[in-house]
Amino acid sequence: MSDENTPDTTADETVTDVTPETTTTDATPTSDDPDAGAKKALVTEREARKAVEKELAGLKKAQEKAAEEARLAKLSDDEKRDEIAKAAAERAEAAEKALAVERAARKHGLTDDKDLELLEGLPADKVDAIAKRIAAQKAPAGRSGNPVDGEKPKRTPTTLADAVHAAMQ
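Residues numbered from 1 in each chain as written. Predicted model: local features only at pLDDT ≥ 70, side-chain atom pairs only at ≥ 80, totals over all residues. Heavy atoms only, no water.

### Re the overall build of the protein chain
- A tally of regular secondary structure across the protein chain gives five helices and zero strands.
- Reading the protein chain from its N end, one meets helices and strands in the order α-α-α-α-α.
- Taken across its 169 residues, the protein chain has 8% of its residues classed as buried.
- Look at the contacts in the protein chain between residues 6 or more apart in sequence, and 26% of them connect residues 24 or more apart.
- On the protein chain, roughly 15500 Å² of surface is accessible, and the fraction owed to carbon and sulfur atoms is 54%. (Helix = DSSP H or I, 4+ residues; strand = E, 2+ residues; numbered from the N terminus. Buried < 20%, exposed > 50% of the residue type's maximum accessible area, 1.4 Å probe, protein only. Contact = heavy atoms within 4.5 Å. Areas by Shrake-Rupley, 256 points an atom, 1.4 Å probe, with all protein chains shown as cover.)

Below is the structure:
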């Protein structure tokens with residue numbers, strides 16, 4: 001009678017395509033730097049963590065996509081079309097809003113992230129007016145050093161007595 005319950009592989013065979021999860025580093029560094037081994041292990045661990053985080057992000061996106069497809073599969077054809085049209089309208093509205101912000105920022109010379117963030121929170125029809133106000137507040141002084149917003153420029157003293165008097169004020 002032959003052994004029907006024996007495995008196909010023997011005990012001394014090994015699986016060659018399995019890679020270990022951790023890497024080993026030499027405990028005795030060859031250079032003069034005593035922390036070289038620790039630094040190398042830290043860099044290796046960080047690279048492995050980044051790779052795992054990237055893979056996890058891809059899996060999350062795939063899971064979200066599969067959940068959305070499963071939800072859409074349960075809907076009727078009319079409901080599917082409505083959902084797709086609604087999503088397209090939302091994307092179009094967001095694109096129009098972003099375009100309005102970019103155009104206003106470029107037109108009025110706004111580059112500060114805080115200003116752009118403020119403009120992104122506004123309705124698209126009000127973005128240009130607010131951008132114009134922000135740019136006016138940040139406008140540099142005129143060529144002569146006088147304020148741009150309409151203040152009367154200070155007179156420059158023409159005599160020594162006027163200069164002393166202006167310095168004392």
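### Some details on the pattern of salt bridges
- In total, this model carries five salt bridges according to the counting rule given.
- Across the pair E83 and R71 runs a salt bridge whose closest N-O atoms are separated by 3.2 Å. Here R71 lies in helix α1 (residues 36–74) and E83 lies in helix α2 (residues 77–108), a separation of twelve residues in the sequence.
- Residue D128 is joined to K107 by a salt bridge in which the shortest nitrogen-to-oxygen separation is 3.6 Å. On the criterion of sequence distance, the pair formed by D128 in helix α4 (residues 127–137) and K107 in helix α2 is long-range, its members being 21 residues apart.
- Under the relative-accessibility criterion, D128 is labelled partly exposed at 34%.
- By relative accessible area, which is 59% here, K107 ends up exposed.
- What emerges from the salt-bridge pattern is a single network uniting E68, R71 and E83. (Salt bridge = Lys/Arg side-chain N within 4 Å of Asp/Glu carboxyl O.)

### Comments concerning the packing of α2 against helix α3 (residues 113–120)
- The interhelical angle for the contact between α2 and α3, taken along N-to-C directions, is 140 degrees, at an axis separation of 9 Å. Judged by the inter-axis angle, α2 sits oblique to α3. As for how α2 packs across α3, the hand of that crossing is right-handed. Each of K97, V101 and A105 in α2 lies in contact with α3, whose residues at this interface are L116, L119 and E120.
- When grouped by side-chain class, the residues that make up the contact of α2 with α3 number four nonpolar, no polar and two charged. (Axes fitted to C-alpha atoms, helices over the stretch in contact; angles between N-to-C directions. Parallel < 35°, antiparallel > 145°, perpendicular 65-115°, else oblique. Left-handed = near helix turned anticlockwise from the far one by under 90°. Nonpolar A, V, L, I, M, F, W, Y, C, P; charged D, E, K, R; others polar.)

### Some remarks on a nonpolar patch on the surface
- The grouping of L160, V164 and M168 at the surface amounts to a nonpolar patch, some 370 Å² of accessible area in total.
- Of note, V164 is situated in helix α5 (residues 160–168). (Patch = residues over 30% accessible without salt bridge, like charges linked within 9 Å, V, L, I, M, F, W, Y side chains within 5 Å.)

### Regarding the nonpolar core
- If you look at the biggest cluster of nonpolar residues, it comprises eleven residues: V101, A104, A105, L110, L116, L119, L122, V127, A131, I134 and A135.
- Within the residue set of this core, elements represented by two or more residues are α2, α3 and α4.
- For this core, the element with the highest residue contribution is α4, accounting for four residues. (Core = buried A, V, L, I, M, F, W, Y, C linked by side-chain atoms within 4.5 Å.)

### Description of α3
- Every buried residue belonging to α3 is among D115, L116 and L119, and all of these are buried. Buried residues in α3, looked at end-on, bunch into an arc of 95 degrees, giving them a common side. Of the residues in α3, the exposed ones pointing more than 90 degrees away from the buried face are D113, K114 and E117.
- On the buried face of α3, the contacting elements are α2 and α4. (Arc of directions from axis to C-beta.)

### Re a negative patch on the surface
- A surface patch of negative charge is lined by E102, D113, E117 and E120.
- Here D113 lies in helix α3.
- Residue D113 is classed as exposed on the basis of its relative accessible area, which comes to 59%. (Lys, Arg positive; Asp, Glu negative; His and termini not counted. Charge placed at Lys NZ, Arg CZ, Asp CG, Glu CD.)

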